[in-house]
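Single-letter residue listing:
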Amino acid sequence: MASSKERFIGLEWLRFFLGLYIVIFHTLHNYPSVRSWSGYVTDLGFFSTSTFFILSGFLLAHVYLNDQHEMREPARSFMTKRFANLYPIHIGSCLLAMAVSAGVGYLALTAQDAGTSLRFVLYDVNNDTGIVNPEALRHTMGDFELWFNVVLNVFMLHAWNPYYLTFNPPSWSISALFFFYLTFPFIAPRLMKLKRTRLAILITNLVYLVPPLVVIAFTPFDMPETGILHRNPIIRLPEFIAGILLCAFYMQQKNAGRLLALRGKLALVLYIVVCCLVAIWLLEHGRAWYYLLHNGLLLTAEMALIYLCVHIPTPNSARLTKFAGRLGGASLPMFALHVPLYVIFSRSEQILKGEPSLCPDNLRLCLAAAGESSVWLYPVYLLLTVILCVLFQEQFVVRIRRWILSWMLPAAPVRTKTHAERMVDSREPR
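Each value, and the rule that gives it
Residues numbered from 1 in each chain as written. Predicted model: local features only at pLDDT ≥ 70, side-chain atom pairs only at ≥ 80, totals over all residues. Heavy atoms only, no water. Helix = DSSP H or I, 4+ residues; strand = E, 2+ residues; numbered from the N terminus. Rg over C-alpha atoms; globule rule 2.2 N^0.38 Å. Buried < 20%, exposed > 50% of the residue type's maximum accessible area, 1.4 Å probe, protein only. Areas by Shrake-Rupley, 256 points an atom, 1.4 Å probe, with all protein chains shown as cover. Lys, Arg positive; Asp, Glu negative; His and termini not counted. Charge placed at Lys NZ, Arg CZ, Asp CG, Glu CD. Salt bridge = Lys/Arg side-chain N within 4 Å of Asp/Glu carboxyl O. Disulfide = S-S within 2.5 Å. Expected span 1.5 Å × (residues − 1). Bend = angle between axes of the 7 residues up to and from the residue. Core = buried A, V, L, I, M, F, W, Y, C linked by side-chain atoms within 4.5 Å. Contact = heavy atoms within 4.5 Å. Axes fitted to C-alpha atoms, helices over the stretch in contact; angles between N-to-C directions. Parallel < 35°, antiparallel > 145°, perpendicular 65-115°, else oblique. Nonpolar A, V, L, I, M, F, W, Y, C, P; charged D, E, K, R; others polar. Phe/Tyr/Trp six-rings, centres within 6.5 Å; stacked < 30°, edge-to-face > 60°. Patch = residues over 30% accessible without salt bridge, like charges linked within 9 Å, V, L, I, M, F, W, Y side chains within 5 Å.

(A) Fine view of the overall build of the protein. Helix and strand content of the protein: 18 helices and two strands. Here the C-alpha atoms of the protein give a radius of gyration of 22 Å, agreeing with the 22 Å that 2.2 N^0.38 yields for 430 residues. C-alpha atoms of the protein, sized along the principal axes, occupy 70 × 50 × 45 Å. For the protein, the residues scored as buried account for 53% of the 430 residues in total. Total accessible area on the protein stands at roughly 20,200 Å², and carbon and sulfur atoms take up 67% of it. In the protein, the 36 positive side-chain charges and the 25 negative ones have mean positions that sit 13 Å from each other.

(B) View of the pattern of salt bridges. One pass over the full model with this rule turns up nine salt bridges. Between Asp113 and Arg347 there is a salt bridge whose closest N-O contact spans 2.8 Å. You can see Asp113 sitting in helix α5 (residues 111-114) and its partner Arg347 sitting in helix α15 (residues 331-352), a full 234 residues away along the chain. A network of salt bridges, in which partner residues are shared, links Arg72, Glu73 and Lys81.

(C) Seen up close, the state of the cysteines. A full pass over the atoms with the stated rule returns one disulfide. Sulfur-sulfur distance for the disulfide between Cys359 and Cys366 comes to 1.9 Å. A relative accessible area of 22% means that Cys359 is categorised as partly exposed. Unpaired in terms of disulfides, Cys247 finds its nearest cysteine sulfur in Cys309, a separation of 15 Å. Classification of Cys247 as buried rests on a relative accessible area of 1%.

(D) Summary view of helix α17 (residues 378-408). Its 31 residues place the ends of α17 42 Å apart at the C-alpha level, agreeing with the 45 Å of an ideal helix rising 1.5 Å per residue. Gln393 marks the point of greatest bend in α17, at about 30°.

(E) Quick peek at the nonpolar core. Within the largest apolar cluster, 97 residues are counted, with the highest numbers of intra-cluster contacts made by Leu11, Leu44, Phe58, Phe180, Tyr181, Phe184 and Leu298. For Phe180, the residues in contact, after removing those within four places along its chain, are Phe53, Pro233, Arg236, Leu237 and Phe240. In this structure, Tyr123, Leu137, Met141 and Leu146 belong to the second largest nonpolar core, which totals nine residues.

(F) Expanded view of the packing of helix α14 (residues 318-329) against α17. Direction vectors running N to C along α14 and α17 enclose 90°, while the axes themselves pass 8 Å from each other. Judged on the interaxial angle alone, α17 and α14 are roughly perpendicular. Across the interface between the two elements, Arg326, Leu327 and Gly329 from α14 touch Val386, Val390, Gln393 and Glu394 from α17. Its residues assigned to classes, the contact of α14 with α17 comprises three nonpolar, two polar and two charged.

(G) Structural detail: the packing of aromatic side chains. The tally for this structure, following the rule as stated, stands at 32 aromatic pairs. Summarising the aromatic geometry, the rings of Tyr378 and Tyr381 are spaced 5.8 Å apart at their centres and angled 35° between planes, so their arrangement reads as tilted. Of this pair, Tyr378 and Tyr381 are both found in helix α17, three residues apart, which corresponds to roughly one turn of the helix. On the basis of an interplanar angle of 25° and a centroid distance of 5.1 Å, the ring pair of Phe392 and Phe396 is categorised as stacked. A residue pair is termed a helical-turn pair when its members lie 3 or 4 positions apart in one helix, as Phe392 and Phe396 do in helix α17 at four residues. Taking the relative accessible area as the measure of exposure, Phe392 reaches 15% and is therefore buried.

(H) Seen up close, the side chain of Thr42. In this structure, Thr42 sits in helix α2 (residues 35-42). For Thr42, a relative accessible area of 7% corresponds to the buried category. Setting aside chain neighbours within four positions, we find Thr42 in contact with Tyr21, Ile24, Phe25 and Leu28.

(I) Spatial organisation of unusual backbone geometry. The amide bond that connects Met223 to the next residue, Pro224, takes the cis arrangement and shows omega of 10°. Although it is not a glycine, His69 sits at a positive phi angle of roughly 60°. By the element assignment, His69 lies in the loop between α3 (45-64) and α4 (75-107). Not every positive phi belongs to a glycine, and Phe167 is a case in point at roughly 65°. Within the secondary structure, Phe167 sits in the loop between α6 (143-154) and α7 (172-192).

(J) Quick look at a nonpolar patch on the surface. Taken together, the side chains of Leu377, Val380, Leu383, Leu384, Ile387, Leu388 and Leu391 define a hydrophobic patch exposed on the protein surface, amounting to about 560 Å² of accessible area. Looking at Leu388, the relative accessible area reads 42%, which means it is partly exposed.

(K) Quick look at the environment of Arg190. Residue position: Arg190 is located in helix α7. Through-space distance from the C-alpha of Arg190 to that of Ala261 is 30 Å; in sequence the pair is 71 residues apart.

So, in structure tokens, the structure goes:
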């Protein structure tokens, strides 16, 4: 049954480009020379994370449910595999981010770097209009807060902290995914059996819009409401549910012989482009639109993008298919590693542009002579990030995952995985 699962090469490319876009979203703004226009490129960075969550629901429903829409393996086995996929990425990236944060604070290349430490965080509020004093958002954690957030990170619960992000901020998506996976064995079989999938998607979208509407109506866009909307797993669960429903809709359309023709594909492309352009325009018209666009208003466009990529045919080239799989497999490591990798790259660039020959004899003088980062080297950072994340996935995550599975599922029968299973295992948010 599993061997008959359809391959979606388009989703491999999609998850790679989603990962790459989130990297650009979080790093391009650091270059003053491009800030006048970079917002037009990065303003919809949240589109990438939301699409990733939807894609997770779609792929898991496609791979882990049989033709009768039942789990094809026990929930314990499913959860162990999902944990083994997520945890090495999370812990590896978190330890790297903590080491980089401590190192940056020690080197103190800039005044901002000097204030960096494991205890330093920024309160999570919507401050786009500058109403809130930026200094009021800076916070230094006490001992209790520090160790409490260490525990949250160890158990992948840090997305539930609505006030601020700690250690490796982008990794909140891994925490949210972990919660989604806990719900999957219970909700996916029921959702896949629904006949009126369009209505179910509409209801899911309307439910998803309720929290931002409540925040807009009754709050000053402060904390903790911003953090709750941004990353609370329950609030973001409708995206994962939408992915499962999209898989159900796709299977219904495929079984009825109603997959997209060229005209339908072009219509989806036009719809996605128009939605994104309108969203960029709306973001300039008040903070309320940010909440709505972030939490639900773009859901159908995100689903349309996945549905469009599902229709991309698999090429005959095995080499190209394998290459796409490797890039797709690096998507979640890109989500998790890009911030510490950028800090390492940018600070190294600054030192190399100064007087690096001074470093062996007089580190402080060497650091004082550091130059400025240049946007012209930014493509080098992107390329290195992709390469390092591919290696991290294949040489670290895969090995740790095998060890976890051998420990937690020692009696599991050994068999060759299908392409669809490998895609899910390497993808996480996959």
